[in-house]
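One-letter residues, chain by chain:
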2 protein chains.
Amino acid sequence: MAQRSSRPVSLEDALAWIDANTTAMAVEEVSLTGAAGRILARPVAAAIALPPFDRAAADGLAVRAHETLGASIYNPLSFELVVAPDALPKLGTVRVNAGDPLPRGADAVLPLDHAALDAAAGRCEIVEPTVAGSLVERAGSQAPAGAMLLPARRRIGPAEIGLLAAAGMADLPVVRRPEMRVLTIGRDGSRDADGPLLRALIERDGAVMAELRRVERNRESLRAALLAPGPDIILVAGGTGEGSDDLAAEALAEAGLLAVHGVALRPGESAGMGRLGSGAPVFLLPGAPASCLWTYELLAGRGVRRMAGRSPALPFPTKMMRLTRKIVSSIGVTEIHPLRCGDGDEAAPIASFAEAGLMSAAAADGFVLIPEGSEGLAEGALITAHLYAAS
Amino acid sequence: MAQRSSRPVSLEDALAWIDANTTAMAVEEVSLTGAAGRILARPVAAAIALPPFDRAAADGLAVRAHETLGASIYNPLSFELVVAPDALPKLGTVRVNAGDPLPRGADAVLPLDHAALDAAAGRCEIVEPTVAGSLVERAGSQAPAGAMLLPARRRIGPAEIGLLAAAGMADLPVVRRPEMRVLTIGRDGSRDADGPLLRALIERDGAVMAELRRVERNRESLRAALLAPGPDIILVAGGTGEGSDDLAAEALAEAGLLAVHGVALRPGESAGMGRLGSGAPVFLLPGAPASCLWTYELLAGRGVRRMAGRSPALPFPTKMMRLTRKIVSSIGVTEIHPLRCGDGDEAAPIASFAEAGLMSAAAADGFVLIPEGSEGLAEGALITAHLYAAS
């Protein structure tokens with residue numbers, strides 16, 4: 001029987017293994033409409049200038065600026081008011097809305113309150129002069145054709161979608177989403193919380209749940225489920241502890257490479273990881289839901305995020321806060337402790353994941369990581385809190 | 001022709017109108033599998049206790065604690081090693097994995113290294129005593145049946161999904177997603193950036209794009225498009241400026257109520273809002289993409305988020321940062337200025353949205369709001385930066 005290493009691997013070494021064994025997936029093209037939340041695989045350059053033509057920066061009258069020279073309320077200048085011409089006639093003007101292309105010949109936009117319009121007569125009296133370029137947004141002023149619009153690895157949010165639509169991009173090169181196989185080890189009398197939990201986590205991190213399967217609690221079934229071809233990443237939930245005869249670890253050791261079994265992380269000490277001959281990384285997560293959650297967040301999720309082309313860091317904003325009560329921790333283990341945080345900078349520790357399981361995760365506003373070299377955190381200590389987003 | 005009010009409404013008054021005219025949608029039931037990202041409409045109580053039975057808190061041997069009294073390496077006590085019994089026989093023990101239900105009669109779990117197992121003989125020698133309750137997670141210790149698991153308005157994230165799955169919930173009462181109609185006013189020679197931009201924004205905020213339609217630039221078409229039955233919220237992009245004859249505002253005034261036209265917000269001064277006889281709020285957004293973005297974020301988005309049951313606040317984490325350069329602003333207008341932020345606490349202003357449009361939004365790491373009473377922010381000023389999430 002494979003022995004669990006007597007000393008668990010430090011979190012730092014576990015992360016180094018993950019970073020050495022995961023890289024971003026290949027490129028695929030997707031349409032801009034379906035690109036929200038995806039990650040750019042390559043920088044995107046402007047195929048056309050932005051804006052593509054000289055356009056009105058405000059509502060008003062397009063004019064040849066030099067023709068307005070000398071206009072005042074004592075000397076109104078009369079212009080022909082034309083409608084949608086290709087080119088502006090001499091001593092002509094045309095109404096434009098902000099964003100409209102200027103007709104050929106026009107070089108300025110005059111504010112509406114600098115003129116009196118007589119639309120019926122097709123005339124207009126201008127009472128203030130303007131200068132060339134006034135209220136005009138020049139072609140290419142935001143970005144000349146060929147300029148970089150967005151760098152590689154940028155996540156496509158609403159502003160990026162708008163910018164790319166304005167630049168006329170229809171398809172984008174993005175990082176392919178990793179396809180995940182999630183295997184949960186059956187346990188008598190227990191509802192499967194790990195499957196739904198992991199589905200929500202991997203979708204948050206940009207991967208796809210290609211397959212979620214409950215596997216019998218025996219090595220042969222698990223080995224076969226590991227070796228069936230297809231997935232980019234495999235997660236196994238359950239069967240990691242010693243009571244299970246190291247079921248998951250043994251099955252992985254037989255199916256491919258078991259690189260780590262036992263990580264100095266609480267909750268989550270029995271986690272493991274390795275990979276198959278196909279190159280697909282395999283993460284072994286404890287079956288207890290709170291342990292499954294945290295070994296996903298800190299270990300498997302880092303691999304998923306890296307393969308999805310995202311930042312490998314924990315996907316939560318951080319804030320410096322002060323602890324309202326001390327937290328005791330064990331030397332030699334990185335501990336994750338739930339916090340309740342107010343609007344100010346105070347963070348109150350709540351019942352640990354060992355005591356209250358996912359109830360603590362659901363009751364928490366965030367969490368703190370207590371490094372393995374620490375015996376705990378004192379009351380009043382300044383900590384880096386990781387915060388869940390508000391609804 | 002309806003006149004735009006000579007003084008634009010303050011952002012504060014605009015927000016007050018939104019808060020007075022939008023409430024969360026009605027409840028609908030969804031399956032837990034599809035509930036990620038949804039908002040709980042009611043508190044959810046535990047239908048069963050959590051855990052539902054006494055279960056092993058660690059891998060080990062389930063025993064009657066009092067039978068182990070006196071065990072030591074000098075006095076090993078012999079137990080029958082049984083497999084999966086309903087009830088533990090007298091002087092019997094059974095291997096359990098963390099999370100397994102205890103057999104009837106068992107009241108403690110003994111760590112595996114406190115016993116020597118002979119599985120073939122079906123015997124086991126116990127060399128350390130234990131006490132009742134040791135390594136046992138009691139039924140109801142996380143939550144008794146009937147206890148509140150999650151409060152109303154909680155956003156369903158991965159931990160909530162896991163908790164509810166463990167509690168055996170199959171369906172959840174959530175806030176219905178508002179169905180949106182988005183009308184973009186056609187503009188010659190310009191690509192439609194506002195439609196894709198708004199789709200990404202409303203989906204982020206928990207609403208559904210039920211209909212995206214380009215409308216001709218005339219009042220009659222727009223009025224008809226506003227009045228077609230169906231949507232919970234309508235957004236109109238474009239046609240808000242004076243050059244448009246106040247097209248959007250006039251159409252809304254005819255179709256229902258135009259409550260606000262002109263907001264002291266930059267970019268976005270020509271924004272408007274009101275509602276239809278159906279009660280559906282209507283937001284009029286300027287057509288220039290950067291103005292469309294920011295009037296959505298500050299005005300329409302607040303309404304969408306409220307109707308989706310979410311926090312109305314801007315959906316970005318905030319951080320206190322120091323400005324590396326001053327920003328000049330106009331008194332009487334709330335200005336939104338893009339920032340580039342490092343890992344530290346320094347925030348550098350970049351080209352304004354007026355200068356660089358969505359290029360600024362895409363280049364920024366976040367933004368700062370400069371209140372209408374301010375003439376700007378000094379170099380070194382401590383500001384509240386709103387930060388886009390990292391990829």
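Below or above, wherever it landed, is the structure these notes cover.

Cut-offs used in this document
Residues numbered from 1 in each chain as written. Chains lettered and ligands numbered in written order. Predicted model: local features only at pLDDT ≥ 70, side-chain atom pairs only at ≥ 80, totals over all residues. Heavy atoms only, no water. Helix = DSSP H or I, 4+ residues; strand = E, 2+ residues; numbered from the N terminus. Rg over C-alpha atoms; globule rule 2.2 N^0.38 Å. Buried < 20%, exposed > 50% of the residue type's maximum accessible area, 1.4 Å probe, protein only. Contact = heavy atoms within 4.5 Å. Areas by Shrake-Rupley, 256 points an atom, 1.4 Å probe, with all protein chains shown as cover. Lys, Arg positive; Asp, Glu negative; His and termini not counted. Charge placed at Lys NZ, Arg CZ, Asp CG, Glu CD. Least-squares fit on C-alpha atoms with pLDDT ≥ 70 in both. Pairing = 2+ DSSP bridges. Axes fitted to C-alpha atoms, helices over the stretch in contact; angles between N-to-C directions. Polar contact = N/O pair within 3.5 Å; in protein donor to acceptor, adjacent residues only side chain to side chain. Arc of directions from axis to C-beta. Bend = angle between axes of the 7 residues up to and from the residue. Buried area = accessible area lost by both parts, 1.4 Å probe. Parallel < 35°, antiparallel > 145°, perpendicular 65-115°, else oblique. Left-handed = near helix turned anticlockwise from the far one by under 90°. Nonpolar A, V, L, I, M, F, W, Y, C, P; charged D, E, K, R; others polar. Phe/Tyr/Trp six-rings, centres within 6.5 Å; stacked < 30°, edge-to-face > 60°.

Scanning chain A from terminus to terminus reveals seven helices and 26 strands. What you see for chain A is a C-alpha radius of gyration of 31 Å, clearly larger than the 21 Å of a compact globule of 391 residues, by over 25%. Along the longest, intermediate and shortest principal axes, the C-alpha atoms of chain A span 100 × 50 × 35 Å. The burial tally for chain A puts 53% of its 391 residues in the buried class. Residue pairs in contact within chain A that sit at least 24 positions apart in sequence constitute 73% of those at least 6 positions apart. Element-wise, carbon and sulfur atoms account for 52% of the exposed surface of chain A, whose accessible area totals about 15,900 Å². Chain A carries 37 positive and 45 negative side-chain charges, and their two centres are separated by 3 Å.

This part is about the environment of A:V174. Residue and element names in this part refer to chain A. Within the secondary structure, V174 sits in strand β12 (residues 171-175). Remark: the alpha-carbon pair of V174 and G309, spanning 135 residues in sequence, is separated by 8.9 Å. Residues within four places of V174 in sequence aside, it is in contact with A26, V27, E28, V30, R38, I39, L40 and A41.

Turning to the relation of the copies chain B and chain A, a few remarks are in order. Relating one copy of the chain to the other takes a rotation about an axis and a shift parallel to that axis. If you rotate chain B by 180° and push it 0.1 Å along the axis, it lands on chain A with an RMSD of 0.1 Å. Seen this way, the second copy is the image of the first under a two-fold rotation axis. Using C-alpha coordinates, one finds that chain B approaches the rotation axis most closely at B:P317, a distance of 3.4 Å. Taken together, the interface assignments show that 98% of the residues at the interface of chain B recur at the interface of chain A, consistent with an identical surface on both copies.

Turning next to the sheet that holds strand β14 (residues 208-215) of chain A. Residue and element names in this part refer to chain A. If you trace the six strands from one edge of the open sheet to the other, you get β14-β13-β15-β19-β18-β16, paired in mixed fashion. Every other strand in the sheet has two partners, leaving β14 and β16 (256-261) as the edge strands with one partner each. Neighbour-to-neighbour, the strand axes of the sheet open up by a mean angle of 20°, direction not taken into account. Strands in contact with helix α3 (residues 194-204) are β13 (179-185), β14, β15 (233-237) and β19 (281-285); relative to β14, the strand with the most contacts, it is inclined by about 165°. In this fold helix α4 (residues 219-227) packs onto β13, β14, β15, β18 (272-276) and β19, with an angle of close to 175° to the strand it touches most, β13.

This part takes up the pairing of strand β22 (residues 334-341) of chain A. Residues and elements named next belong to chain A. In terms of burial, β22 is a largely internal element, seven of the eight residues being buried. Across two bridges, strand β17 (residues 265-266) lies against β22 in parallel orientation. Across the sheet, residue L265 finds its bridge partner in β22, namely T334. Where β22 lies against strand β23 (residues 346-349), three bridges are found, and the strand directions are antiparallel. In the strand pairing of β23, C341 is matched with A347. What sits between β22 and β23 in their antiparallel hairpin is a turn of four residues.

Let's shift gears to the sheet that holds strand β14 (residues 208-215) of chain B. All names here are of chain B. Spatially, the six strands line up as an open sheet ordered β14-β13-β15-β19-β18-β16, and their pairing is mixed. Looking at the sheet topology across the chains shown, the edges are occupied by β14 and β16 (256-261). Here the average twist between neighbouring strands, direction ignored, is 20°. Sheet topology places strand β15 (residues 233-237) next to strand β19 (residues 281-285); four bridges connect them, and they run parallel.

Time to look at the side chain of A:E250. Structurally, A:E250 can be placed in helix α5 (residues 247-255). Polar side-chain contacts of A:E250 include one of 2.5 Å to the side chain of A:R219.

Residue and element names in this part refer to chain B. Within helix α1 (residues 11-21), the full set of buried residues consists of L11, A14, W17 and I18. All buried residues of α1 project into a common sector of 120° when viewed along the axis, lining one side. Set apart from the buried face of α1 by more than 90 degrees, the exposed residues are E12 and A20. Contact partners of the buried residues in α1: β16, β17 (265-266), β18 (272-276), β19, α6 (289-307) and β22 (334-341).

All names here are of chain B. The largest bend in α6 amounts to roughly 50° and is located at Y296. For α6, the buried fraction is high: 17 of the 19 residues fall into the buried class. Where α6 ends, the next residue or the one after it, G309, has phi of about 85°, a positive value.

Let us now look at the interface of chain B and chain A. Each side of the interface is counted separately: chain B has 61 residues, and chain A has 60 residues. A combined buried area of about 4,700 Å² lies between chain B and chain A, and 59% of that area is made up of carbon and sulfur atoms. Inspection of the chain B/chain A interface yields two residue pairs in polar contact (both at pLDDT 80 or more). If you list the elements that add at least two residues to the side of chain B that touches chain A, you get β11 (148-150), α2 (158-166), α3 (194-204), α7 (353-356) and α8 (358-363) of chain B. For the side of chain B that touches chain A, the element with the highest residue contribution is α2(B), accounting for eight residues.

Residue and element names in this part refer to chain B. Put simply, α1 and α6 touch, their axes get as near as 10 Å, and they point 25° apart. Looking at the two axes, α1 sits roughly parallel to α6. In this structure, α1 crosses over α6, and the sense of that crossing is right-handed. The segment α1 lies against α6, with L11, A14, L15, I18 and D19 engaging L298, L299, R302, G303 and R306. Among the residues forming the contact of α1 with α6, the class breakdown is six nonpolar, one polar and three charged.

So, about the environment of A:S141. All names here are of chain A. Following the sequence through the fold, S141 ends up in the loop between β10 (136-137) and β11 (148-150). Through-space distance from the C-alpha of S141 to that of A49 is 8.0 Å; in sequence the pair is 92 residues apart. For S141, the residues in contact, after removing those within four places along its chain, are L50 and P51.

All right, on to the packing of aromatic side chains then. All names here are of chain A. In total, this model carries 10 aromatic pairs over all chains according to the counting rule given. Ring centres of W294 and F353 lie 5.2 Å apart, and the angle between their planes is 50°; this geometry places the pair in the tilted category. Separated by 59 residues along the polypeptide, W294 in helix α6 (residues 289-307) and F353 in helix α7 (residues 353-363) bring together distant segments of the chain. Summarising the burial analysis for this pair, W294 and F353 share the class buried. With 6.0 Å between their ring centres and 45° between their planes, F367 and Y388 make a pair best called tilted. Within this pair, whereas F367 is found in strand β24 (residues 366-370), its partner Y388 is found in the segment after β26 (382-387), the two being separated by 21 residues in sequence. Note on F367: relative accessible area 0%, which makes it buried. Overall, the relative accessible area of 24% leaves Y388 in the partly exposed class. In textbook terms, an aromatic cluster arises when at least three aromatic residues are bridged by ring pairs, as seen for W294, F316, F353, F367 and Y388.

The next subject is the side chain of B:R305. Residues and elements named next belong to chain B. Here R305 shows up in helix α6. Here the side chain of R305 touches A313 through a polar contact of 3.1 Å, landing on its backbone oxygen. Setting aside anything within four residues of it in sequence, one finds R305 in contact with R204, D205, E297, R310, S311, P312, A313, L314 and P315.

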